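Descriptive analysis of the structure
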There are 2 protein chains.
Amino acid sequence: MTSIIRFKENPIVTPQSIQPSREDMIVEGVLNPGAFIFQDKTYLLLRVAERPKQEDGIVSFPVMGDENTIDILKFNKDDPQLDLSDPRIVKKANTFYLTTMSHLRLMESADGIHFTTPSTLPSIIYPTKAAEKYGMEDCRVTVIDDVYYLTYTQVSAGGVCVGMMSTSDWIHFEHLGTILPPHNKDCALFPQKVGGKYFCLHRPSGVDLGGNYVWISESNDLVHWGKHNCLAMTRKDHWDSNRIGAGASPIWTKDGWLVIYHGANHTNRYCLGAILLDLQDPKQILARSEDPIMEPDELYEQNGFFGEVVFTNGHVQFGDQLWMYYGASDSVVCGAHLSIKSILKSLE
Amino acid sequence: MTSIIRFKENPIVTPQSIQPSREDMIVEGVLNPGAFIFQDKTYLLLRVAERPKQEDGIVSFPVMGDENTIDILKFNKDDPQLDLSDPRIVKKANTFYLTTMSHLRLMESADGIHFTTPSTLPSIIYPTKAAEKYGMEDCRVTVIDDVYYLTYTQVSAGGVCVGMMSTSDWIHFEHLGTILPPHNKDCALFPQKVGGKYFCLHRPSGVDLGGNYVWISESNDLVHWGKHNCLAMTRKDHWDSNRIGAGASPIWTKDGWLVIYHGANHTNRYCLGAILLDLQDPKQILARSEDPIMEPDELYEQNGFFGEVVFTNGHVQFGDQLWMYYGASDSVVCGAHLSIKSILKSLE
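Residues numbered from 1 in each chain as written. Chains lettered and ligands numbered in written order. Predicted model: local features only at pLDDT ≥ 70, side-chain atom pairs only at ≥ 80, totals over all residues. Heavy atoms only, no water.

**So, the overall build of chain A**
Rules: For the purposes of this entry, the term helix denotes a DSSP run of H or I that reaches at least four residues, the term strand denotes a run of E that reaches at least two, and both are numbered from the N terminus. Each radius of gyration reported is based on C-alpha atoms, and the globular scaling rule is 2.2 Å times the count of residues to the power 0.38. For each residue, the accessible area found with a 1.4 Å probe, counting protein chains only, is set against the maximum for its type, and the residue is called buried under 20%, exposed over 50%, and partly exposed in between. Only heavy atoms matter for contacts: two residues are in contact if any of them lie within 4.5 Å across the pair.
Each helix and strand in chain A was counted, giving two helices and 27 strands. Compactness check: chain A gives a C-alpha radius of gyration of 19 Å against a globular reference of 20 Å for 348 residues, within 12% of the reference. Summarising its shape, the C-alpha atoms of chain A cover approximately 55 × 50 × 40 Å along the three principal directions. Taken over 348 residues, chain A has a buried fraction of 63%. Taking contacts inside chain A between residues at least 6 apart in sequence as the whole, the part at least 24 apart equals 51%.

**Let's talk about the interface of chain A and chain B**
For clarity, the threshold we go by: Each of two parts loses accessible area, computed with a 1.4 Å probe, when they are put together; buried area is these two losses added. By salt bridge we mean one thing: a side-chain nitrogen of Lys or Arg within 4 Å of a carboxyl oxygen of Asp or Glu.
With 45 residues of chain A in contact, the opposing surface of chain B contributes 45 residues. Between chain A and chain B lies a buried interface of about 3,100 Å² when both sides are counted; carbon and sulfur atoms form 65% of it. One can count zero salt bridges joining chain A with chain B. Those elements giving two or more residues to the side of chain A that touches chain B turn out to be strand 8 (95-98), strand 12 (147-156), strand 13 (159-167), strand 14 (173-180), strand 16 (198-207), strand 17 (209-212), strand 18 (214-219) and strand 19 (225-232) of chain A. Ranked by residue count, the leading element in the side of chain A that touches chain B is strand 14 of chain A, at six residues.

**Details of the layout of surface pockets**
Convention followed: Think of a 1 Å grid over the protein atoms and nothing else: a 1.4 Å probe that fits but is trapped marks a cavity, an open set flanked by protein within 12 Å on at least five of seven lines marks a pocket, and residues with an atom within 4 Å of a point count as lining. Grid points are joined across faces, edges and corners, and a volume is the space filled by probe spheres set on the points. Only Asp, Glu, Lys and Arg are considered charged, only Ala, Val, Leu, Ile, Met, Phe, Trp, Tyr, Cys and Pro nonpolar, and every remaining residue, Gly among them, polar.
Size it by volume and the second largest pocket reaches roughly 500 Å³. Elements with a contribution of two residues or more to the lining of the second largest pocket: strand 12 and strand 14 of chain A together with strand 18 (214-219) and strand 19 (225-232) of chain B. Counting residues per element, the lining of the second largest pocket draws most heavily on strand 19 of chain B, at six residues. Taken together, the residues that form the lining of the second largest pocket break down as 13 nonpolar, eight polar and four charged.

**Focus: the sheet that holds strand 8 of chain A**
Residues and elements named next belong to chain A. Worth spelling out the cut-off: Two strands qualify as a pair provided that DSSP identifies no fewer than 2 bridges between them.
A sheet is described by the order of its strands in space; here three strands give the open sequence 6-7-8, paired in antiparallel fashion. If you trace the sheet from one side to the other, it starts and ends with strand 6 (82-83) and strand 8, each paired once. Taken together, the four bridges between strand 7 (residues 89-92) and strand 8 define a ladder with antiparallel strand orientation. Its bridge partner lying in strand 8, Lys92 is registered against Thr95.

**Some remarks on the relation of the copies chain A and chain B**
There are two copies of the chain, and a rotation about an axis plus a shift along that axis relates them. To be explicit about the condition: The copies are overlaid by a least-squares fit using only the C-alpha atoms of residues whose pLDDT is at least 70 in both copies.
Screw-axis analysis of chain A against chain B gives a translation of 0.0 Å along the axis, an RMSD of 0.0 Å, and a rotation angle of 180 degrees. Interpreted geometrically, this transformation is the action of a two-fold axis. Here 100% of the contact residues of chain A are again contact residues in chain B; the copies associate through an equivalent surface.

**Points about unusual backbone geometry**
Following Pro182 of chain A, the chain continues into His183 of chain A via a peptide bond in cis, with omega recorded as -20 degrees. Among the secondary structure elements, His183 of chain A is positioned in the loop between strand 14 and strand 15 (184-189). Cis geometry is found at the peptide bond from Asn10 of chain B to Pro11 of chain B, where omega equals -15 degrees. Following the sequence through the fold, Pro11 of chain B ends up in the loop between strand 1 (4-6) and strand 2 (25-38). Located in the positive-phi region is Asp330 of chain A, a residue other than glycine, with phi close to 50 degrees. Structurally, Asp330 of chain A is set in the loop between strand 26 (321-328) and strand 27 (332-339). Look at Asn268 of chain B: it is not a glycine, yet its phi comes out positive at around 60 degrees. Residue position: Asn268 of chain B is located in the loop between strand 22 (256-264) and strand 23 (270-277).

**Brief notes about the environment of Glu348 of chain B**
Residue and element names in this part refer to chain B. Relative to the elements of secondary structure, Glu348 occurs in the segment after helix 2 (340-346). Glu348 sits in the exposed class, given a relative accessible area of 79%. Between the alpha carbons of Glu348 and Ile179 there is a distance of 35 Å; along the sequence they are 169 residues apart.

**Thoughts on the confidence of the model for chain A**
Formally: pLDDT is defined as a per-residue confidence score from the predictor, taking values between 0 and 100.
On average, residues of chain A carry a pLDDT of 95, and 99% of them reach 70 or more. For this predicted complex, the interface score ipTM comes out at 0.95, alongside a pTM of 0.96.

**As for the packing of aromatic side chains**
Quick reminder of the rule: When the centres of two rings from Phe, Tyr and Trp lie within 6.5 Å, Trp using its six-membered ring, the rings pair. Their planes under 30 degrees apart give stacked, over 60 give edge-to-face, and anything left gives tilted. For a ring to carry a charge above it, either NZ of a lysine or CZ of an arginine must fall within 6 Å of the ring centroid while also lying within 35 degrees of the normal to the ring plane.
Counting across every chain of the model gives 38 aromatic pairs over all chains. Ring centres of Phe75 of chain A and Tyr97 of chain A lie 5.9 Å apart, and the angle between their planes is 50 degrees; this geometry places the pair in the tilted category. Of this pair, Phe75 of chain A sits in strand 5 (residues 70-76) while Tyr97 of chain A sits in strand 8, placing them 22 residues apart in sequence. Judged by its relative accessible area of 16%, Phe75 of chain A is buried. On the accessibility criterion, Tyr97 of chain A (16% relative accessible area) is buried. Each ring, one from Phe36 of chain B and one from Tyr43 of chain B, has its centre 5.4 Å from the other, and the planes form 10 degrees; the classification is stacked. Residue Phe36 of chain B is classed as buried on the basis of its relative accessible area, which comes to 2%. When the ring centre of Phe306 of chain A is taken as origin, the NZ or CZ atom of Arg88 of chain A, which lies over that ring, is 3.7 Å away.

**Some points on the pattern of salt bridges**
For the structure shown, the criterion picks out 38 salt bridges over all chains. Of the charged contacts, one joins Asp79 of chain A and Lys92 of chain A as a salt bridge, the two residues approaching to 3.2 Å between their closest N and O atoms. Of the two residues, Asp79 of chain A sits in the loop between strand 5 and strand 6 while Lys92 of chain A sits in strand 7, which places them 13 residues apart along the sequence. On the accessibility criterion, Lys92 of chain A (23% relative accessible area) is partly exposed. One salt bridge in this structure joins Glu137 of chain B and Arg47 of chain B, with 3.5 Å as the shortest N-O distance. A residue pair is termed long-range when its members are at least 10 positions apart, and Glu137 of chain B in strand 11 (residues 135-144) and Arg47 of chain B in strand 3 (residues 41-52) qualify at 90 residues. Residue classification places Glu137 of chain B among the buried positions, given a relative accessible area of 6%. Given a relative accessible area of 12%, Arg47 of chain B falls into the buried group. One network of salt bridges, with partners in common, ties together Arg47, Glu137 and Asp138 of chain A.

Take a look at the structure:
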């Protein structure tokens, strides 16, 4: 078993520590942060999931309106066409909505543990595109040649896809559009070119045929992607039998590209594992965790908006030490220390 | 109503006119051809769906093996885990297979009506890639700068996606990989750059959120794609309420890019309609058919392997005249004459 040392301060960010973006909203969850170093501080780019204050007998939820305003939709809970069995989804007849709308929120820290609203940078990245009318989620942040690339989940009635932005100063952002069409999420860029090409991992979903697998793709410019190949599938009767997806940017090691990924089984219990990819040809898998390297063992990982979840899409590296940030139970943000050597050893 | 003149010779290609690729297989359907002109002849690149000769009480179907051989899988029909309710799909527990395996087959004609096996060109394009282990389907052929680009559906256990090949002589082919990841099909390239970019239409599918909609994307090299945007959605209570997808390459007209598309309702009745896109900015829809321009009215369009289907992904143009080729009932190939002006008039 890999040694994971959870921060004793966990959870380090909770809904209570986050100001809602509007007075009529409450923060339902703060989760799944991207993580990066900027000007010697550690930053988290959190996903903040909000919903309106709920009234008795009514489910209400936000969507972005046509003028980038927020519209609140409401359904009576006794509507026989309504299905609220998944706390994340409002299903009415054949139409799906999300119970919450997520945006991205920046927090900074001098010690990597205590995070506060940035003093000099804008802290809220709000949906502005048609593809984001139901929200922005689970942003990876990858530094390539001193530019920060944000790859995040865009949600709208059109589907779930991967959007990209870039910034150098965290004040000015360039929108680079939707880089992967539906149904896709969990896009992690490699931090450098390999063999003259950019690479990314992502998680398209099949309909009938296919599943929730990790794919790998190539690009010349990070904006246009091709040469898509299925890299890793779910494994029957394993902890990752139902869905898998890459975490943050793959980590260069002399043994190969180390990928931390999440896997869920058919009860939607989310654990973390590792995959090692060939340094020269990252389409080749060298090793994969037989058992999880991290499971939802703590109370804050087992109980919450959507329990039994550890999910990471952000880490910062200091030599062999990985400071991994993760969402627990789709409710709070936590941190843990991992030794890269120890993960590699678990893959031998 | 647009005037559609079906070939009086319909159906022009049937399973009986196609030699199976192997002795132990039968041709179940010949359908959904790409169409193009090469050296003054009309060519169809058909989808040929084959399955093994069926034994009593057993369903058997082909998949490509690891050495590019064909493996025949068999299940007892009385297996309680087996679901054969859709004639196109074998579902066992949570695993999906196809009842048939498709490859692409070339046929040539001097008059555009009577098609035979080419005398001097290889006629069979067989799956060779991991992404094609369950088959290749519904190929569009687009000529750009004298190169023929084949965009087709790749089917495997990894999912359903879009593959691309190119050729100049129909003897030598270059494989350009998977250009759009799962779940995606119905990819039609524009025949020329617009504003310095290549464009394509395609049909990703949503899971829960999103649907079966037509998207439009941009590329610099036809191999890597980005700037994905949802172009057209299904329409509630319309003939195209359940799924839509582009047909063959959009047609340049002085009024705009004319797209012929298929739409199916919730009983899976497939009709054809038209969409007009702005010439300079094809992300803008100028008009869309309220009613179908073609419905499955003939007996051969209503009865077959999968009835009530007209589906096109191939046409050749002679001035105002479109010779449109289409699959009927997932069984046979037919043709029809359409006037482009008449379609445009129906969109006014």
